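Breakdown of the fold
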Amino acid sequence: MSAGWRTLLLRIGDRCPEYSGSADHKEHIETCYAVISREYEHSRDAVFEFLLQCAEQLPHKIPFFGVLIGLMNLENEDFAKDIVDTTQAKLQDALHNENRDRIRILLRFLSGLMCSKVVVPNSIIETFETLLSSAATILDEETGNPSWQPRADFYVYCILASLPWGGPELFEQVPDEFERVLVGIQSYISIRRHFDDIAFSVFETDEGHSPNKKDFMEDLWERIQILSRSGWKVKSVPKPHLPFEAQLVAGKSHRLSPISCPPPNLSQTSSEILKGQEKHEADLKYPQRLRRLHIFPTNQAENMQPVDRFVVEECILDVLLFFNGCRKECAFYLVSLPVSFRYEYLMAETIFSQLLLLPNPPFRPIYYTLVIIDLCKALPGAFPSVVVGAVHVLFDRISNMDMECRTRLILWFSHHLSNFQFIWPWQEWSYVKDLPKWAPQRVFVQEVLEREIRLSYFEKIKQSIEDAAELEELLPPKAGPNFKFLSNESTENTDGHKLSKELFGMVRGKKSIRDIILWVEEHVIPTNGAEFALDVVSQTLLDIGSKSFTHLITVLERYGQIISKLCPNEEMQLLLMDEVSAYWKNSTQMTAIAIDRMMGYRLISNLAIVKWVFSPANVEQFHVSDRPWEILRNAVSKTYNRISDLRKEIQSLKKGLQVAKEVSAKAIKELEEAKSVLEIVEGQPAPAERPGRLRRLQVHADKAKTEEVTMEESLEAKGALLARALEESKELLKLLFKRFVDVLTERLPTVSADGEIPNLRAGYQNVNFAARDLETATMEIDNENGADKNSEPNGQNTKNGYSVGELEQWCLCTLGYLKSFSRQYATEIWSHIAMLDEEVFVGDIHPLIRKAAFSAMHGMVIIQDEIRE
């Protein structure tokens, strides 16, 4: 019975997954109530905890749980009062712990309880007014801190988000008090600062696709106003309390104890930079939950009222939140939301908006991939076609998509296809073969195919596009090593082949590392030089480890010292990466893995990787391949992950040290107490404790003290490593931005004489590239890559033989990746903003570079004069 009533409660309010109609909620609620009433007699605590747990983790079903508690209130008022008091205590705790999701959901739960006559409506009004008062205080220059507007916005958002659930009841029961709350919200909206989040937009330009220019709070308030004018009629919120209203009114409504919000964080500085840091911290703690991604045209997506769209979005996000890690359960609840209309288009838009959310999605992208796969299986007649439509729309707009979002879309799409036999109507995209190599749509298809090969094998992917044979040109070369010293009759007598063969024999003969290093130093370097020695050693070791990832790692672990000896400086490390790239020129994946592993074993520094990525040969690939960017992302990510790991280890050591000190102090105290107990033996004082126990106590005290000292030494060592890592990260950040500035300054179009900033998306006719850029550029010529001479807008106009369109695309891609790194590491940038301005952003920096570098820092504009002062 115990498992049965829990299952019955979890399934309350579910709809048929195929949209064939709703279940009889009244009958289901009555059944649940009868079962819970019987279970309550001998498992009160279990019923109490499970109801609260269901309300918090299945918030889209709160109206149903509210009715159950309302019916319980008729028989047992104390039970319902305990529910109300516990919910209030949890809300208070969540406010002070800044648990955003719990605050939002508990307010919705209290609104649901009010609808079922369990909570007095005036208590809800008082709670709303407390939150409104706190929000207004935060925005006050004297008593608050406007930098923390994200917290104030969140409080008001929680009120607005609960109104579709409780607004109709408040409007009916306490209209005057409710109107006072709405006036307060209008007042808050009028004084808050508009949030321009263009730096976090999936698409660089709207081009009429986003009709709503309001920020998220303004948009939500407008939706609530439309709801108010329509008489608070909400189709998306179930009203299971209505059939039971005659019964529920007989129950006692309970008052909610007052809540208090934590005081605002007062600003201690007038510095705009420090205020910017506070704003950044506030944005991290109170991020915007959703940035809508309007994929489908209004005539194709479901036609629903604005507030219904918001409610369904909230329900979808709640299911994604609470079923993270339970993909099948997540898909089940997503397709069975208790609403009376179809919503698969909205569901797809919401999931894609989370997958592409900037700066980071709430969960790992693989989670959304798996959920989409399971939704396609759960709704085979509806959802797959919606996903196909979404992909086509996103593909059509790929040239305007943010570079980071473009990468995420490539990774998702290739993984998604790998779960459906790589079936896709590629012939519809076959035209991209005739586009220039730098055209965004062509690059997208090329990168998807390359990622598919990683997930499968070359022949399988080639077979999957046989209906679009033109696309075979976009397939990468068949993966395999490119060993420079491969033996054959014509070359086996060269020095390189002989030395490589000899080294191979030494490895197979299991010669020691010391012997191999001596051989290199005495027989290879004196005759041929260090660079040639690195060439032979690196190529040979890479070939030995080429069979698999495991072989590569084993070779690097065993023979990494040899490479380290040959690469004592960045110049040699750059040559080493050239050798890795040459050996694995047919495999982007293996190149990235080898360089990443070499950095992990400290054979290559992160600074050397940045310099190598920004070398001329790689710079020319910035707009046509993800190869250099993947290597750069791995290097920067690994650097900051190392810092994060060290901080976690230090935190753990600090806790361990505290425990060790307490244990040591206790052991010493016990020992001293034992020694202090004396007795008179033959007229002389002597220890009363037995010698054996004293020895044991002494050993225990010594051991505890040794453990404490060991912990202190470990903490000191980790602290030194962290300091070193932080210094390395600072240098990495400086070098990374310096290289971005250098390559962009060389290629960006000039600012006009009247100071007008060039618009790279306006077309070549509106952009003036400096003559030196066009003369020295080494970009490809369209005609050499199969492009039609009349192709537009991919660069029909050329100057000095080079496509201006290609230069525009190179600039857009590179600026996009600069913005991506700025978003991803905004916290580190804020920490070193003065250093960056003094050493990197010096002089007359191009405004497009500055915009890309700083606009993503949560909308803050850096005030240069103050930084320099």
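Residues numbered from 1 in each chain as written. Predicted model: local features only at pLDDT ≥ 70, side-chain atom pairs only at ≥ 80, totals over all residues. Heavy atoms only, no water.

- The protein chain appears in an unreviewed UniProt entry as Nuclear cap-binding protein subunit 1 from Panicum virgatum.
- Its UniProt record gives the protein chain the following Sequence similarities (unreviewed entry) comment, quoted word for word: "Belongs to the NCBP1 family."
- Check the Subunit (unreviewed entry) section of the UniProt entry for the protein chain; it says "Component of the nuclear cap-binding complex (CBC), a heterodimer composed of ABH1/CBP80 and CBP20 that interacts with m7GpppG-capped RNA." (UniProt positions renumbered as here; feature names shortened; annotations may be inferred.)

**Considerations on the overall build of the protein chain**
- For the protein chain, the helix and strand inventory stands at 36 helices and four strands.
- A burial count over the protein chain gives 53% of its 869 residues as buried.
- Across the protein chain, the fraction of contacts at a sequence separation of at least 24, relative to all contacts at a separation of at least 6, is 77%.
- Working note: accessible area of the protein chain is about 38900 Å², and carbon and sulfur atoms make up 51% of it. (Helix = DSSP H or I, 4+ residues; strand = E, 2+ residues; numbered from the N terminus. Buried < 20%, exposed > 50% of the residue type's maximum accessible area, 1.4 Å probe, protein only. Contact = heavy atoms within 4.5 Å. Areas by Shrake-Rupley, 256 points an atom, 1.4 Å probe, with all protein chains shown as cover.)

**Regarding helix α8 (residues 149-173)**
- Largest kink in α8: about 70°, centred on Gly166, with the proline Pro168 one to four residues after it.
- Burial analysis of α8 places 22 of its 25 residues in the buried class, which makes it a mostly covered element. (Bend = angle between axes of the 7 residues up to and from the residue.)

**A look at empty space enclosed by the protein**
- As enumerated under the stated definition, the model contains four cavities of 30 Å³ or more in all.
- When its volume is computed, the largest cavity comes out at roughly 170 Å³.
- Together, 19 residues line the largest cavity, and Ile410, Val443, Glu447, Asp626 and Tyr817 are the ones closest to its centre.
- Of all the secondary-structure elements, those providing two or more residues to the lining of the largest cavity are α18 (403-418), α19 (440-455) and α32 (804-824).
- Considering only residue class, the lining of the largest cavity consists of 11 nonpolar, four polar and four charged. (1 Å grid on protein atoms, 1.4 Å probe; cavity = no way out; pocket = protein on both sides within 12 Å on 5 of 7 lines; lining within 4 Å. Points joined across faces, edges and corners; volume = space filled by probe spheres on them. Nonpolar A, V, L, I, M, F, W, Y, C, P; charged D, E, K, R; others polar.)

**Digging into the packing of α8 against helix α10 (residues 216-229)**
- At a minimum axis distance of 10 Å, the contact between α8 and α10 shows a crossing angle of 30°. In terms of their interaxial angle, α8 and α10 are classed as roughly parallel. Judged by the sense of rotation from one axis to the other, the crossing of α8 with α10 is left-handed. Together, Asp153, Val156, Tyr157, Leu160, Leu163 and Pro164 of α8 and Phe216, Met217, Leu220, Trp221, Ile224 and Leu227 of α10 make up the contact between the two elements.
- Tallied by class, residues from the contact of α8 with α10 come to 11 nonpolar, no polar and one charged. (Axes fitted to C-alpha atoms, helices over the stretch in contact; angles between N-to-C directions. Parallel < 35°, antiparallel > 145°, perpendicular 65-115°, else oblique. Left-handed = near helix turned anticlockwise from the far one by under 90°.)

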